[in-house]
Amino acid sequence: MKTSAGYLLALAALLVAPLAFYPILLMKLLCFALFASAFNLILGFGGLLSFGHAAFFGGAAYFTGHALKVWGLPTEMGILFGAGLAGLMGLAIGQLAIRRQGIYFAMITLAMAQMAYFFFVSSPFTGGENGLQGIPRGKALGVFDLQDDLTMYYFVLAICVAGFLLIVRTVHSPFGQVLAAIRDNENRARSLGYDVERYKLLAFVLSATLAGAAGATKSVVFQLASLSDAHWHMSGEVVLMTLLGGLGTLAGPAVGSAVIVTLQNKLATGVLAAWVPVVLGVIFVACVLTFRRGIVGELRAIWRKSF
Amino acid sequence: MSQTEDYILQPRGLTKEFKGFTAVSAVDRNIRRHSIHALIGPNGAGKTTVFNLLTKFLVPTSGKISFNGRDITAAKSAEIARMGVIRSFQISAVFPHLTARDNVVVALQRKLGLSFQFWRSERVLHRLHDRADELLGMVGLEHFAGATVADLPYGRKRALEIATTLALEPELMLLDEPTQGMGREDVELVTQLIRKVSANRTILMVEHNLGVVSTLCDRITVLQRGAVLTEGSYAEVSADPRVKEAYMGKAA
């Protein structure tokens, strides 16, 4: 019950956060928190290192952007459309990748994501290097004008909280238990009669869909879908966020992404602007060498030891 | 055929070659229903490979496997498990990050058919806890239900593995060295356990501990270099000079 109290406290803080912080930054934090949490579903709870999640994040941004700008879909339908297509991409990529394990799984996801990236670079609808600009925010449920940053913030908060709750539920579901068993001992799960590939595939599709929802929402916030969201750098960054926050913990990826995004924002204007990758690299090395369980993982270990 | 009623598992000409090396060659066996059958042999004789072939963790190069008179040569591992053939592994096959109870619940929940329902709360599995605790009690783990399995001693993990296997009510259990690496008390415990669970079941086990084999097993197949050397009761097999030779090398 302590955990649910923690979640309520976090939710309360997020509800009042725009009073103290710039809403655009908060929305960016939320989107990345959802992205990293979705990624953690497949890495932390499924034991599969995907190196191609940028394809879902960036891809959904383009699909949603196109649906809103060109087809004039309502905002929430556009986001659902983008997330749904990301899920279908996940189905296609996952079908191929889950046949292999470990580094081979990572390589297949990376290769497929690179192909998706190439598609986004060369398709006319994405605007290539310029990105897909001028995505209209529209109205939430046809009533609330999302041009207002504060309204937009609560819209984004609702999406990200819903996505996060779905992840929590998935982890604590009959499916989540089988997934944990597969992560722990795949052969044993198979010998108990589970077709492990189908469980991994479902986890992968869920993860891709939610990563897509995060990317789609981000594209509405910034009214822009750009190549950098689909680039493999983004696939790497989400690994870093998840590891830093705590692999396989529910809150970890959100914390990790908050640290990384805040750092990037702070450093971008200072003397270290050109050194952002170096700073992130140092943090990554320090994390892996000294606190491998990540911020939340280490805190949890300390908590358990002392109580 | 009445033959298939007496015999639960019948490998025929079971062969596995790895790039020119024949690990298992032409194994023909009849495993009698409701018996405890041991598979023994020196290191490298192909015992575990036979297990892997029977449960399709490896694909046979040639040969057939029939289970209850039904050809299962083309079935996948998980399908064979669902037919009622559950195997264990040489190294303990548990889910270390789950609790002991959840290890058993993972096995129990398969028959509920909820295992793809990611939107349901795990609370729907709570109704399996009584049965899980009963199974844990059967193997002496009633006080460890809530313990994380990684923290359990080795012998307890092997016992848990048996409880998890029993949860599926298998017709045929394949146990790969169930007493390997155990102290004497644990060996005694597991031996009694296997005897207890063998009622109305067939057990095929790979075992190095000949004491365990002699007290438990009705029939013993000796493998040597992938082929069947001999088969019989413990008395017959242990009196066979070829078996001694296989283990000890040729007497001078």
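Just so you know, these numbers come straight off a predicted model, no measurement behind them.

Conventions used here
Residues numbered from 1 in each chain as written. Chains lettered and ligands numbered in written order. Predicted model: local features only at pLDDT ≥ 70, side-chain atom pairs only at ≥ 80, totals over all residues. Heavy atoms only, no water. Helix = DSSP H or I, 4+ residues; strand = E, 2+ residues; numbered from the N terminus. Rg over C-alpha atoms; globule rule 2.2 N^0.38 Å. Buried < 20%, exposed > 50% of the residue type's maximum accessible area, 1.4 Å probe, protein only. Contact = heavy atoms within 4.5 Å. Areas by Shrake-Rupley, 256 points an atom, 1.4 Å probe, with all protein chains shown as cover. Lys, Arg positive; Asp, Glu negative; His and termini not counted. Charge placed at Lys NZ, Arg CZ, Asp CG, Glu CD. Salt bridge = Lys/Arg side-chain N within 4 Å of Asp/Glu carboxyl O. Pairing = 2+ DSSP bridges. Axes fitted to C-alpha atoms, helices over the stretch in contact; angles between N-to-C directions. Core = buried A, V, L, I, M, F, W, Y, C linked by side-chain atoms within 4.5 Å. Buried area = accessible area lost by both parts, 1.4 Å probe. Nonpolar A, V, L, I, M, F, W, Y, C, P; charged D, E, K, R; others polar. Patch = residues over 30% accessible without salt bridge, like charges linked within 9 Å, V, L, I, M, F, W, Y side chains within 5 Å. Expected span 1.5 Å × (residues − 1). Phe/Tyr/Trp six-rings, centres within 6.5 Å; stacked < 30°, edge-to-face > 60°. Lys NZ or Arg CZ within 6 Å of the ring centre and 35° of its normal. Parallel < 35°, antiparallel > 145°, perpendicular 65-115°, else oblique. Left-handed = near helix turned anticlockwise from the far one by under 90°. Polar contact = N/O pair within 3.5 Å; in protein donor to acceptor, adjacent residues only side chain to side chain.

A. How the structure looks around the overall build of chain B. A tally of regular secondary structure across chain B gives 10 helices and 11 strands. Rg of the C-alpha trace for chain B: 19 Å, near the compact-globule value of 18 Å for 252 residues, within the 12% margin. Along the three orthogonal principal directions, the C-alpha set of chain B runs to about 65 × 40 × 40 Å. Across the 252 residues of chain B, 53% fall into the buried class. Put simply, of all contacts in chain B between residues at least 6 apart along the chain, 65% involve residues at least 24 apart. Of the roughly 11600 Å² that chain B leaves accessible, carbon and sulfur atoms contribute 50%. For chain B, the distance from the average site of its 32 positive side-chain charges to the average site of its 27 negative ones is 5 Å.

B. Molecular detail of the pattern of salt bridges. All names here are of chain A. Tallying each qualifying case throughout the model produces 18 salt bridges over all chains. We note a salt bridge from Asp184 to Arg183, for which the minimum N-O separation is 3.7 Å. For Arg183, a relative accessible area of 30% translates into the label partly exposed. Residues Glu298 and Arg293 are paired through a salt bridge, measuring 3.6 Å at the closest nitrogen-oxygen approach. Linked through salt bridges whose partners overlap, the residues forming this network are Glu186, Arg190, Glu197 and Lys200.

C. Region of the structure containing the sheet that holds strand S7 (residues 85-87) of chain B. All names here are of chain B. Reading across the sheet, the 6 strands line up as S7-S8-S9-S4-S10-S11 and stay open at both edges, with mixed pairing between neighbours. Each of the sheet's edge strands pairs with one partner strand only, and the pair in question is S7 and strand S11 (227-232). Pairs of neighbouring strands in the sheet enclose a mean axial angle of 15°, with direction left out of account. Pairing of strand S10 (residues 219-224) with S11 involves 5 bridges; the strand directions are antiparallel. From the neighbouring strand, Leu223 faces S11, where its bridge partner is Val228.

D. Spotlight on the nonpolar core. All names here are of chain B. Counting residues in each nonpolar core, the largest one holds 151 residues, and the members touching the most others are Val104 and Met205. Ignoring sequence-local partners within four residues, the contact set of Val104 consists of Ala132, Leu135, Leu136, Leu160, Ala163, Thr164 and Ala167. Counting 23 residues, the second-largest nonpolar core is a separate cluster that includes Val27, Ile31, Val85 and Val206.

E. Structural context of the environment of Glu142 of chain B. By the element assignment, Glu142 of chain B lies in the loop between helix H5 (129-138) and helix H6 (154-167). With residues up to four places along the chain from it excluded, the contact list for Glu142 of chain B reads Leu136 and Gly137 of chain B.

F. Focus on the interface of chain A and chain B. Each partner contributes to the interface: chain A provides 27 residues, whereas chain B provides 39 residues. Both faces considered, chain A and chain B share a buried interface measuring about 2800 Å² in area, 60% of it formed by carbon and sulfur atoms. Here Arg82 of chain B and Asp195 of chain A are joined by a salt bridge, their closest N and O atoms 3.2 Å apart. Of all elements in the fold, only helix H6 (149-171), helix H7 (174-184), helix H8 (186-191) and helix H9 (196-222) of chain A reach the threshold of two or more residues within the side of chain A that touches chain B. Top element by residues in the side of chain A that touches chain B is H7 of chain A. It accounts for 8 residues. Residues belonging to the side of chain A that touches chain B are distributed by class as follows: 12 nonpolar, 8 polar and 7 charged.

G. Structural view of a nonpolar patch on the surface. Residue and element names in this part refer to chain A. On the surface, a nonpolar cluster with roughly 680 Å² of combined accessible area is contributed by Leu8, Leu11, Leu15, Val16, Leu19, Leu150 and Tyr154. Within the residue set of the nonpolar patch, elements represented by two or more residues are helix H1 (2-16) and H6. Residue contributions to the nonpolar patch peak at 4 residues, all from H1. Looking at the element boundaries, Leu11 is found in helix H1.

H. Spotlight on H9 of chain A. End to end, H9 of chain A covers 39 Å across 27 residues, agreeing with the expected 39 Å (1.5 Å per residue, within 8%). Remark: Gln223 of chain A follows H9 of chain A within two positions and exhibits a positive phi of approximately 55°.

I. Expanded view of the environment of Lys76 of chain B. Residue position: Lys76 of chain B is located in the loop between strand S6 (70-71) and helix H3 (77-83). Lys76 of chain B sits in the exposed class, given a relative accessible area of 51%.

J. Geometry of the packing of aromatic side chains. Using the criterion set out here, one finds 18 aromatic pairs over all chains in the structure. Seen in terms of ring centroids, Phe35 of chain A and Phe57 of chain A are 4.1 Å apart; in terms of plane orientation they differ by 15°. Their pairing is stacked. Placement of the pair is Phe35 of chain A in helix H2 (residues 23-43) and Phe57 of chain A in helix H3 (residues 53-69), with a sequence separation of 22 residues. For Phe57 of chain A, a relative accessible area of 0% corresponds to the buried category. Summarising the aromatic geometry, the rings of Tyr153 of chain A and Tyr154 of chain A are spaced 5.2 Å apart at their centres and angled 80° between planes, so their arrangement reads as edge-to-face. Following the ring pairs from residue to residue traces out a cluster consisting of Phe175, Tyr194 and Tyr199 of chain A together with Phe116, Phe118 and Trp119 of chain B. Over the face of the ring belonging to Phe89 of chain B we find Arg87 of chain B, whose NZ or CZ atom lies 4.1 Å from the ring centre.

K. Structural detail: the packing of H5 of chain B against H6 of chain B. All names here are of chain B. Contact geometry of H5 with H6 gives a least axis separation of 9 Å together with a crossing angle of 135°. Here H5 is positioned oblique relative to H6, judged by the angle of their axes. In this structure, H5 crosses over H6, and the sense of that crossing is right-handed. Facing H5, whose interface residues are Leu135, Leu136 and Met138, H6 presents Leu160, Ala163, Leu166 and Ala167.

L. Spotlight on the environment of Ser35 of chain B. Residues and elements named next belong to chain B. Along the polypeptide, Ser35 turns up in the loop between strand S3 (31-32) and strand S4 (36-40). We classify Ser35 as buried; its relative accessible area is 7%. When the C-alpha atoms of Ser35 and Leu160 are compared, they prove to be 23 Å apart, with 125 residues separating the residues in sequence. A polar atom in the side chain of Ser35 sits 2.7 Å from the backbone oxygen of Arg32.

All we've got here are geometric facts, nothing functional implied.
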